[in-house]
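Remarks on the overall topology
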Amino acid sequence: MTEGPGFDRHMLEALICPESHGTLDYDPDRQELVSKTANLAYPIRDGIPVMLVSEARTLDDPA
């Protein structure tokens, strides 16, 4: 896992997916936290993860 600008990797270790309660992977290219278990990607905006299921995109969505 690499850090993105303004994103603290230690924060990732403390966060879990609110839908599946599973671990998250950091996608630096898309600035997202990915839950493979829930098939969701949570956006990171201005260095802050938005951990709302309503704001997440499904991994099938290209956007």
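Above this text you will find the structure in question.
Worth saying up front: this structure is predicted, and the values here are computed from it rather than measured. Numbering of residues starts from 1 in each chain and follows the order in which that chain's sequence is written. Owing to the predicted nature of the model, reporting of local features is limited to residues with pLDDT of at least 70; listing and counting of side-chain atom pairs is limited to 80 or more, with chain, interface and lining totals taken over all residues. To obtain the side-chain values, all non-hydrogen atoms of the structure were included, while hydrogens and water were left out.

**Re the pattern of salt bridges**
- The rule for a salt bridge is simple: a side-chain nitrogen of Lys or Arg has to be within 4 Å of a carboxyl oxygen of Asp or Glu. Within this structure, the stated rule accounts for four salt bridges.
- For the salt bridge of Lys 36 with Asp 25, the shortest nitrogen-to-oxygen distance reads 3.5 Å. Here Asp 25 lies in strand 1 (residues 25-27) and Lys 36 lies in the loop between strand 2 (32-35) and strand 3 (40-45), a separation of eleven residues in the sequence.
- A salt bridge links Arg 30 to Glu 32, with the shortest nitrogen-to-oxygen separation between them at 3.9 Å.
- Partly exposed describes any residue whose relative accessible area lies between the buried limit of under 20% and the exposed limit of over 50%, with all areas from a 1.4 Å probe on protein chains only and scaled to the type maximum. Residue class for Arg 30 comes out partly exposed when judged on its relative accessible area of 35%. Strands here are runs of E lasting at least two residues and helices are runs of H or I lasting at least four, both read from the DSSP assignment and numbered beginning at the N terminus.

**Topic: the nonpolar core**
- Leu 12, Cys 17, Leu 24, Tyr 26, Leu 33, Ala 38, Leu 40, Tyr 42, Ile 44, Met 51 and Ala 56 form the largest nonpolar core, which has eleven residues in total.
- Those residues in contact with Leu 40 that lie beyond four places of it in its chain are Glu 19, Leu 33, Val 34, Ser 35, Val 53, Ala 56, Arg 57, Thr 58 and Leu 59. Within this scheme, the nonpolar core is defined by two criteria: the residues are buried Ala, Val, Leu, Ile, Met, Phe, Trp, Tyr or Cys, and they are joined through side-chain atoms within 4.5 Å. The criterion used for residue contact is that any of the two residues' heavy atoms lie within 4.5 Å.

**A short note on the side chain of Glu 32**
- Structurally, Glu 32 can be placed in strand 2.
- When residues no more than four places from it in sequence are discounted, the contact partners of Glu 32 are Asp 25, Tyr 26, Asp 27, Ala 41, Tyr 42, Pro 43, Ile 44 and Arg 57.

**Considerations on the pairing of strand 3**
- Most of strand 3 sits inside the fold, with five of its six residues counted as buried.
- When DSSP finds two or more bridges between a pair of strands, those strands are recorded as paired. Here strand 2 runs beside strand 3; their pairing, made up of four bridges, is antiparallel. Opposite Glu 32, over in strand 3, you have Pro 43 as the bridge partner.
- Linking strand 2 to strand 3, which pair antiparallel, is a turn of four residues; within it Asn 39 sits at a positive phi near 60°.
- Between strand 3 and strand 4 (residues 48-49), which pair antiparallel in sequence order, lie two residues; one of them, Asp 46, sits at a positive phi of approximately 55°.

**Let's talk about unusual backbone geometry**
- In this structure, His 21 is a non-glycine residue whose phi angle is positive, near 65°.
- In this fold, His 21 is placed in the loop between helix 1 (9-14) and strand 1.
- Positive phi outside glycine occurs at Asp 46, with the angle close to 55°.
- By secondary structure assignment, the location of Asp 46 is in the loop between strand 3 and strand 4.
- Taking relative accessible area as the criterion, Asp 46 reaches 82% and is therefore assigned exposed.

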